[in-house]
Every structure is written in structure tokens, then in C-alpha cells.
Amino acid sequence: MAEKQSYSVSRKSFFGLFLTTIMLFLLSWLFVSSTGRPRSFDRKSLPTLILPTVFQSSNGLSRTILASNETKRDGGGKVEEQGFQDKDGAMPCNGTVKEPLKIFMYDLDPEFHFRLLNWKPQGGRVWPDIRTEIPRYPGGLNLQHSVEYWLTLDLLTSEISDNPNNRVVIRVQNSSEADLIFVPFFSSLSYNRFSKARRHRKRSRNKVLQAKLVKFVTAQKEWKMSGGRDHIILAHHPNSMLYARMQLWPAVFILADFGSRQTLLFFQGSIYRKDGGYARQELFYLLKDEKDVHFSFGSIKKDGVNKASRGMHSSKFCLNIAGDTPSSNRLFDAIASHCVPVIISDDIELPYEDVLDYSEFCVFVRTSDAIKEKFLINLIRSISKKEWTQMWEKLKEVEPLFEYQYPAKDGNAVQMIWKELARKVPGVKMKINKSRRFSSTVVPQEDGGLRSIRAPNNFW
């Protein structure tokens, strides 16, 4: 009996020694290479852990977050890596939080921006003190193309923000630290207010400002270093910056180029249009006698805006037809009214389309199809109540993305534009680097025309 116990103890001791030896071997293999140097450590070789990660923020504060290296499979067997992710789904490298977009903004003379709003600078100041005064932007149709005003205000706000690290964008004073260069010219307002030459003058104030802008910007060291490829130029109104666009063409342009409900389909606006607006006239004759379709002439005069808004709010679908240009505020009025847009335009380009699927809340129809007899109305009538409700719910979800606000809020139009610009930074830097391959100085070369992003018109 004693012999058996002794044998049992010896066997257990031997087994324990064996396990200890194996563990030491494995640990030495994991951390030390055959050369005696520490082996590179792969966290994936260990079981799934929730690891606290401490990182140093730019303001000197230390923060701790939880990160998982877990690998899981979805229902279809697809492997998904779980790691560091922000709320937008981005996965920063090395466990650090995503840096805000850094913008260097030229201190242009106030005649290019807030003086156009009748702001009078005191003591040589370039910018208003937005803590005490915010010059008001004019209402009415001017608000359709006010994006430059909102973006400029947001950059100025970033300098007085209590927590700049939580912002999507910040203004930097050193251009060498910037991702992009911002040119704060209120070009749409300049066109709307000053495009007509005064008496006894050959050029309008709008043309004079554009000429001054080109002269200033192209003389800056920042422009010369990149050939202008990292510069942001605002030309939101379709007719703004017409004289300066080609001289500044390597830059990134922000444009507007879209172009209980009893009523099935709604349209109110100018019917007889030239050039690209021929479809309106054709559709008028095709739809004017259709039941539960409102297709009539309308303008901004005699309370026309309010009448159109009421009509959109009481309709299931709202027509957005190409006019003289692809740009139209009607699309965004429809979104604000939660009226599913029916877009008839072959050339339309839409804001944020690299991250936003418009087919989830819009109906797209080619112009050639729309003007076929019964095609459009049959298409609209074939959309089930369930399909329409899904698009209607999506409209309510995306509506804030097209609203301008000050102060800017997370997920509104101002933030979306900054994020879209941030996504373009790698491509901008790649083009700049490629342009330096064969010379020490950058010579702008034609690469397909203006690069641009699409920004939404403001709502009435």
C-alpha cells in the first residue's frame, strides 16, 4: 500500500515537473528568439483578452480605454476582427484615438468674408470676436449657398473650444502642421450681392475680389509647395468663382451640384426652362392630368416658398427635375419635409455620396426614361407602402446631415463636410508626392480637371 502511494506521489511529481518544463519552454520560445534576443510578441498568440490601453493625448492627459483582440465569426462564417474602433467605425493605428482634421486658414482681409456682411473691423482685426459678436448671414435665397459662412465660423470656434481633442476639425496656426489649407472667401455671397458692375465701372466688385484672391493665394508659400492641391476653395453657388476657378483648378472645390400625405407626387416651380430643363415641360404634359399628382407653376413670390413647403409636407414623393443647372435647393427641401425625392437628372452629383447611399431614401430615374409616356407614374405607383415607409424612415434619420447650425453639432452638415475633406487628405498627399518625383519644385499638371466635393444647399 505504501509502495502504491509512493509510486502515485512520484508519478504526480514527475507530471508536475514535466508541465513546469513545458511551460518554461513555451515562455522562452514566445519571448526569446534563437539568437538570444527578445522575440517579437504577437498578442494574437494568447487567448482572447480585454486589454486596458493607456495612451497620452495631445493635451498631456492620460486616458485608459478597453480594447479587444477577439476574433469572432458572424452567422455566415465570416471572420471579424474586433479592435480599436471609434463611433464612426474607424480603426486608428497603435491604439491611439483618431486625430482631428487640422486646417490652416489664411487670414484674408475682411473684404473677402465678414465685411461682405457689413461687419466693420476695429483696430486692424481680421476676424470678429465670436464670443461677443457673430455677424448675421442674410436670409432668403442667400441661405441656399451659405456653406462658406458656417465652415469659417466652425474653424474660428475651434480656437476657443474648451475641449479641442473632441472636435472633428481644429484650426492650426502653422501651415506645416495642417492637413489642408482653407481659403475663407464668401464667394456665393459675393456673387449674389456684387455680381453687377456699378455705374461707370467696367468690372463688378465680385470680379475684382476674385482677381485679388487669385493674386494673393497663388503668391503664398503654401500654394507653391503643393501646387494648390491641398487648398480648399468654396464656390457653392453654381455661378460663383467663374472667373477664378480655372486659375485655381488644382485645388479642392466645395460646390453645390446635385441638382397624413394625400398627394402621391408633388412638383411646384418653373415649368418652361431652357437647356437642361427641357424635361420639366415634357413631364408637365405627361403628369398634369394624373390623379393625386400636383404639378404646377410656382415661384418664390406671393408666399410661394411656404406654399411649396406645405405641399411637400403633404406628399409622399417629391420630384427633383434638372433645371438650367444640376443645382437645386428643391432636393434638400424635400429631405427636410420627409418627402421621398424622385431625382430626374443624368448629371447629378450629391454630397457625402462616398458614405451615404441615396438609393435608400431617393428614387433615381434617367431623363430618357422619365419622359416616356406612363413610365414615371407607373414606377411611382408600383412602390409598395412598405418600401415607401422604409425610405421615409431613412429620410428622418439622414435629415440632420443636411442642416447647418452654429455652434456645429455632431453629425450635421458642417461636421459631415469636414469629415469628407478628411477622407480626401490621403489622396491629396499622394498627388502632391507624385508631383515631386522628377523635380524639386512642384509644377501643376493637368490631372482631369477640378477635384471637388459636394455640399448641401441650406434649407429655406
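Residues numbered from 1 in each chain as written. Predicted model: local features only at pLDDT ≥ 70, side-chain atom pairs only at ≥ 80, totals over all residues. Heavy atoms only, no water.

Condition: UniProt positions are given in the numbering used here, feature names are shortened, and annotations may be inferred rather than shown by experiment.
Identification of the protein chain as Exostosin GT47 domain-containing protein from Hibiscus sabdariffa is taken from an unreviewed UniProt entry. Looking at the Subcellular location (unreviewed entry) heading of the UniProt record, one finds this comment for the protein chain: "Golgi apparatus membrane".

1. Description of the state of the cysteines
Applicable threshold: Defined by distance alone, a disulfide is two cysteine sulfur atoms within 2.5 Å. Under the DSSP-based scheme used, a helix requires at least four consecutive residues in state H or I and a strand at least two consecutive residues in state E, with every element numbered from the N terminus. For every residue, the accessible area obtained with a 1.4 Å probe (protein chains only) is divided by the maximum for its type, and the residue is called buried under 20%, exposed over 50%, and partly exposed between those limits.
Per the stated rule, a full pass over the model turns up 1 disulfide. A sulfur-sulfur separation of 2.1 Å characterises the disulfide bridge that pairs C318 with C339. Taking the sign of the torsion about the S-S bond as the criterion, the disulfide between C318 and C339, at about 105°, is right-handed. Of this pair, C318 sits in strand 12 (residues 315–321) while C339 sits in the loop between helix 8 (330–336) and strand 13 (340–344), placing them 21 residues apart in sequence. Taking the relative accessible area as the measure of exposure, C318 reaches 2% and is therefore buried.

2. Considering helix 12 (residues 413–435)
The following threshold applies: What a helix is expected to span follows from its residue count: subtract one and scale by 1.5 Å. Bend, in this description, refers to the angle at a residue between axes fitted to the seven residues ending there and the seven starting there.
For helix 12, spanning 23 residues, the distance from its first C-alpha to its last is 32 Å, which sits close to the expected 33 Å at 1.5 Å a residue. Along helix 12, the sharpest change in direction is near 35° and occurs at K424; proline P426 comes one to four residues later.

3. Re the environment of A370
Heads up, the rule is: In what follows, residue pairs with any heavy atoms lying within 4.5 Å of each other are defined as contacts.
Residue position: A370 is located in helix 9 (residues 367–370). Linking A370 and I344, residues 26 residues apart in sequence, is a C-alpha distance of 7.2 Å. When sequence neighbours within four positions are dropped, the list of residues in contact with A370 reads L283, L286, I344, V365, F375 and L376.

4. Describing the packing of aromatic side chains
Spelled out, the test is: Here a pair means two rings of Phe, Tyr or Trp (six-membered ring of Trp) with centres within 6.5 Å. Their orientation is stacked below 30 degrees between planes, edge-to-face above 60, and tilted elsewhere. Geometrically, a lysine NZ or arginine CZ counts as sitting over a ring once it is within 6 Å of the ring centre and also within 35 degrees of the ring normal.
Evaluation of the coordinates by the stated rule reveals 20 aromatic pairs. Measuring from ring centre to ring centre gives 5.3 Å for F114 and F186, while their planes differ by 75°; the resulting arrangement is edge-to-face. Taken together, the residues span a long stretch of sequence, with F114 in the loop between strand 5 (101–105) and helix 2 (147–158) and F186 in the loop between strand 7 (180–183) and helix 3 (187–194) at a distance of 72 residues. A relative accessible area of 0% places F186 in the buried class. Seen in terms of ring centroids, Y358 and F402 are 6.4 Å apart; in terms of plane orientation they differ by 65°. Their pairing is edge-to-face. Separated by 44 residues along the polypeptide, Y358 in the loop between strand 13 and strand 14 (363–365) and F402 in the loop between helix 11 (385–398) and helix 12 bring together distant segments of the chain. Given a relative accessible area of 1%, Y358 falls into the buried group. The exposure class assigned to F402 is buried, which follows from its relative accessible area of 0%. Cluster of aromatic residues (ring-pair linked, three or more members): F114, W119, W127, Y137, Y149, W150, F186 and Y404. Note that R205 overlies the ring of F194, its terminal NZ or CZ placed 4.3 Å from the centroid. When the ring centre of W392 is taken as reference, the NZ or CZ atom of K396 above it lies at 3.8 Å.

5. As for the sheet that holds strand 13
Quick note on the threshold: We treat two strands as partners when DSSP finds at least two bridges between them. Axes, fitted as lines to C-alpha atoms, cover a helix only where it is in contact. Angles between the N-to-C directions of the axes lie from 0 to 180 degrees.
Here 5 strands make up an open sheet; going across it, the order is 11-10-12-13-14 and the pairing parallel. Each edge of the sheet is formed by a strand with only one pairing partner; in this case those strands are strand 11 (293–297) and strand 14. Neighbour-to-neighbour, the strand axes of this sheet turn through a mean angle of 20°, independent of strand direction. Lying over the sheet, helix 6 (residues 278–287) contacts strand 10 (263–269), strand 11, strand 12 and strand 13, oriented at roughly 130° with respect to strand 11. Across the sheet, helix 11 is in contact with strand 12, strand 13 and strand 14; its angle to strand 13 comes to roughly 100°.

6. Some points on the pairing of strand 13
With 5 of 5 residues buried, strand 13 is to be regarded as a mostly interior element. Side chains V340, V342 and I344 project from strand 13 onto one buried face, and the interleaved P341 and I343 project onto a second face that is buried too. The sheet contact formed by strand 12 and strand 13 spans 5 bridges and is parallel. The partner of N320 across the bridge, within strand 13, is I343. In this sheet, strand 14 lies alongside strand 13 in parallel orientation, the contact comprising 3 bridges. Bridged to I343 within strand 14 is F364.

7. Comments concerning the pattern of salt bridges
Stated formally: A pair is scored as a salt bridge if a Lys or Arg side-chain nitrogen falls within 4 Å of a carboxyl oxygen belonging to Asp or Glu.
The final tally for this structure, using the stated rule, is 19 salt bridges. One salt bridge in this structure joins R131 and D129, with 3.1 Å as the shortest N-O distance. Here R381 ties to E290 by a salt bridge, and the two come within 3.5 Å at their closest N and O atoms. Placement of R381 in helix 10 (residues 375–381) and of E290 in the loop between helix 6 and strand 11 is noted, with a sequence separation of 91 residues between them. Owing to a relative accessible area of 39%, R381 belongs among the partly exposed residues under this scheme. Take E290: its relative accessible area is 17%, and that puts it in the buried class. Where salt bridges share partners, they join E290, D292, K374 and R381 into one cluster.

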